[in-house]
Amino acid sequence: MASELLWVTGQGTRAPQDTEPLPQAEAAALSQQVRAPGTKDKDRLRLIRNTAVSYTLTCTQISNLITALEFSDARVALAAELFGQASDPHEYETVVLAVALRFEDERAAVRQRLGNTNASSKRAIEPPKGTAKPIAQSAPKDEASWMRPKPSSDSDEDSD
């Protein structure tokens, strides 16, 4: 299946024709896993992202998964990432943004990440050319904490 790679908010994803809809049984199992007590948002995100690589999701499924997340930043990031995996993107604004996101600030942040004011207007949005951000920004070597000498102490104990 040689297909063109689509870019959704700067992250690669499989083309819609390469994925199949998430079966209801698997959707229910995933929902149960992400709503399990004691599960952290980072683990929820990992489970959802791993599933989204292989399947398309309905807006109702996406909304259900987003509401399981506790923190606003995680909800916004996931809503923007899953837009390209929606099998019914024409409903994204009304089902996902209006229902799953609690605050207008969250909805505005998702729209901004998608690069438009109406999320349902495009299926996949290409990132602007020449604006790629580095994967990780690190401090210059002269500022890196591991290179600074340890402060001296007056005790004889070894702190290592």
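Here the structure is a predicted model, which is why all the values come from computation and not from measurement. (Residues numbered from 1 in each chain as written. Predicted model: local features only at pLDDT ≥ 70, side-chain atom pairs only at ≥ 80, totals over all residues. Heavy atoms only, no water.)

1. Concerning the pattern of salt bridges
The line we're drawing: We count a salt bridge whenever a side-chain nitrogen from Lys or Arg sits within 4 Å of a carboxyl oxygen from Asp or Glu. Helix and strand labels come from DSSP, where a helix needs a run of H or I of at least four residues and a strand needs a run of E of at least two; each type is numbered from the N terminus. Under the scheme applied here, a residue whose accessible area is under 20% of the maximum for its type counts as buried, over 50% as exposed, and between as partly exposed, the area being computed with a 1.4 Å probe on protein chains only.
As enumerated under the stated definition, the model contains eight salt bridges in all. A salt bridge links Arg-46 to Asp-43, with the shortest nitrogen-to-oxygen separation between them at 4.0 Å. Of this pair, Arg-46 and Asp-43 both sit in helix α2 (residues 41–54), three residues apart, roughly one helical turn. The exposure class assigned to Asp-43 is partly exposed, which follows from its relative accessible area of 26%.

2. Regarding the packing of aromatic side chains
Note the threshold: Here a Phe, Tyr or Trp ring, Trp counted by its six-membered ring, pairs with any other such ring whose centre lies within 6.5 Å, and the pair is stacked when the planes are under 30 degrees apart, edge-to-face when over 60, and tilted otherwise.
Tallied over the entire structure, the rule returns one aromatic pair. Relative to Tyr-92, the ring of Phe-83 lies with its centre 5.0 Å away and its plane at 85 degrees, an arrangement referred to as edge-to-face. Since its relative accessible area comes to 1%, Phe-83 is described here as buried. Exposure remark for Tyr-92: the relative accessible area of 0% places this residue in the buried category.

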